[in-house]
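Tertiary structure, described
Listed below are the residues making up each chain.
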Amino acid sequence: MLKGKKILLGVTGSIAAYKTATLVRVLTKAGADVRVVLTPSALSFVTPLTLSTLSKHPVHSAYVENEETGEWANHVALGKWADLMVIAPCSANTLSKLVSGECDNLLIAVYLSASCPIMVAPAMDLDMSDHWTTKKNLETLEEKHVRVLPFGEGELASGLTGKGRMMEPEEIFDAIADHFDPRSKLKGKRILITAGPTYEAIDPVRYIGNHSSGKMGFALAQAAADRGADVHLVSGPTHLQHDPMVHRYDVVSAKDMFEKVTTLFKDTDVLIMSAAVADYRPATIAEKKLKKEVVDLAVIELEKTEDILAHCGAIKEKQLLVGFALETDDELAHARRKLENKNLDLLVLNSLRDAGAGFGTDTNKVTFVFPDQVREGELKLKTEVAADILDEIERML
Ligand SMILES: Cc1cc2nc3c(=O)[nH]c(=O)nc-3n(C[C@H](O)[C@H](O)[C@H](O)COP(=O)(O)O)c2cc1C
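Below, the structure is looked at part by part. Quick caveat, the model's predicted, so the values are computed rather than measured.

**Concerning the pattern of salt bridges**
Under the counting rule described, the total for this entry stands at 19 salt bridges. Residue R281 is joined to E303 by a salt bridge in which the shortest nitrogen-to-oxygen separation is 2.9 Å. Linking R281 in strand β16 (residues 280-282) with E303 in strand β17 (residues 302-304), this pair joins segments that are 22 residues apart in sequence. Residue classification places E303 among the partly exposed residues on the basis of a relative accessible area of 33%. Where K380 meets D388, a salt bridge forms, and the shortest distance between an N and an O atom there is 2.6 Å. Accessibility expressed as a relative area gives 25% for K380, which makes it partly exposed.

**Points about the packing of aromatic side chains**
Counted under the stated rule, the structure contains 2 aromatic pairs. Look at Y199 and Y207: their rings are 3.8 Å apart centre to centre, the planes differ by 10°, and that puts the pair in the stacked class. With relative accessibility at 24%, the residue Y199 sits in the partly exposed group. Plain terms: the ring middles of F368 and F370 are 6.4 Å apart, the flat faces sit at 45° to each other, and that makes the pair tilted. The aromatic ring of W81 is capped on one face by R35, whose charged end is 4.8 Å from the ring centroid. For R395, the ring lying beneath its charged end belongs to F370, and the centroid distance is 5.4 Å.

**Comments concerning the sheet that holds strand β21 (residues 366-369)**
Strand pairs in the sheet, formed through backbone hydrogen bonds, run parallel or antiparallel to each other. Ordered in space as β14-β13-β10-β15-β18-β19-β21-β22, the 8 strands form an open sheet in which the pairing is mixed. A strand with exactly one partner marks an edge of an open sheet, and here the two such strands are β14 (247-250) and β22 (374-376). Adjacent strand axes in the sheet meet at a mean angle of 15° when their direction is disregarded. Two strands pair when backbone bridges link them, and strand β18 (residues 320-327) and strand β19 (residues 346-351) are joined in this way by 6 bridges, in the parallel orientation. Looking at the pairing, F324 lines up with V348 of β19.

**Overview of the pairing of strand β2 (residues 33-38)**
Strand direction decides the pairing type here: strand β1 (residues 6-11) and β2, joined by 6 bridges, are parallel. Along β2, the bridge assignment pairs K6 with D33. Traced from β1 through helix α1 (residues 20-29) to β2, the parallel crossover comes out right-handed.

What counts and how
Residues numbered from 1 in each chain as written. Predicted model: local features only at pLDDT ≥ 70, side-chain atom pairs only at ≥ 80, totals over all residues. Heavy atoms only, no water. Salt bridge = Lys/Arg side-chain N within 4 Å of Asp/Glu carboxyl O. Helix = DSSP H or I, 4+ residues; strand = E, 2+ residues; numbered from the N terminus. Buried < 20%, exposed > 50% of the residue type's maximum accessible area, 1.4 Å probe, protein only. Phe/Tyr/Trp six-rings, centres within 6.5 Å; stacked < 30°, edge-to-face > 60°. Lys NZ or Arg CZ within 6 Å of the ring centre and 35° of its normal. Pairing = 2+ DSSP bridges. Axes fitted to C-alpha atoms, helices over the stretch in contact; angles between N-to-C directions. Right-handed = clockwise from strand over helix to strand, strands pointing away.

Keep in mind these numbers describe shape, not what the thing actually does.
Structure follows, in structure tokens:
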């Protein structure tokens, strides 16, 4: 699973250091190439011989490795070598240096030279883990995109019980594996997405349509496929290309879309209706092209189309339902009503009053309306909005 991944393990002076032998073992067993750097304090808790045997590489703990020959550990090369640096256990002392940059040992020099992602598994006693300095330092690391693994809870070396243990080696292993192959909650889920406009025929030549480009729905389909979902895309007329992993069904009218969606809905886990489906269609479709000399085209009688979302909302069992609404006025009130009337789990609201949002553009600005809360987004690329929507769906799943 981790075949060929280069993992640099930093070990500090915590009693939990003895568990790193297991961590090195499970990482190497999974095919990872592991190099270990210890702080001088860590040498009191775990021996270099144990870790070099298990990692099959010499371990490093000092800048100068051989006083007589002047051989030294190249911290820059080590920092640049790694695909991921994991500091486990991370003591309160080292944690503070990761934030301040105080560089008085090899491990910190390697950390400051590393250009790969960093993960830390802090370990300390109850009051140390609860100290405001610890909390602040961990927060700062997270702000700087260092992945902080949570403290484990239970019996501590001091005899106290509570928060402060290092995460178990197997859990750290899972976090590392997840880093290289994120297991999205959408993996294997069947997601049905609708996209684009519908065309409602007047006669064999003319139709009533709308300006939807399909970009939002196609971005969603791509993003969901990237997360390993089994994506089924029902698309109205567009010129967009789809990802080869996506099952695509082309439809033209609201009736076609209704039929395709209701056929697929039963086996679906999540339905995202981002298509701009016509609300009305001509009550009759002329068999031949209507001639303007013969027919008064100024008046076309319309009838309501099938309401796909309302239908699916009424029959849904386990499925999550996500709808889109494009409004021009009194947006939130309309959106809340739609969410409730159609039994949706999330409504993604666009307002045509927002510059850069809506039809044809590559950007969109949406508001997430849930049954219990409303969250306003910023103007983003449609691909980024698609990722945000999928994040929300993963959260709900
Ligand atoms: C028996 C023993 C256990 C310790 N366990 C921890 C610990 O779990 N977490 C911690 O932050 N410090 C612990 N310390 C204190 C650190 O070893 C000490 O702060 C040291 O300076 C850390 O250095 P380093 O961060 O460079 O490895 C322990 C000390 C002793 C003597």
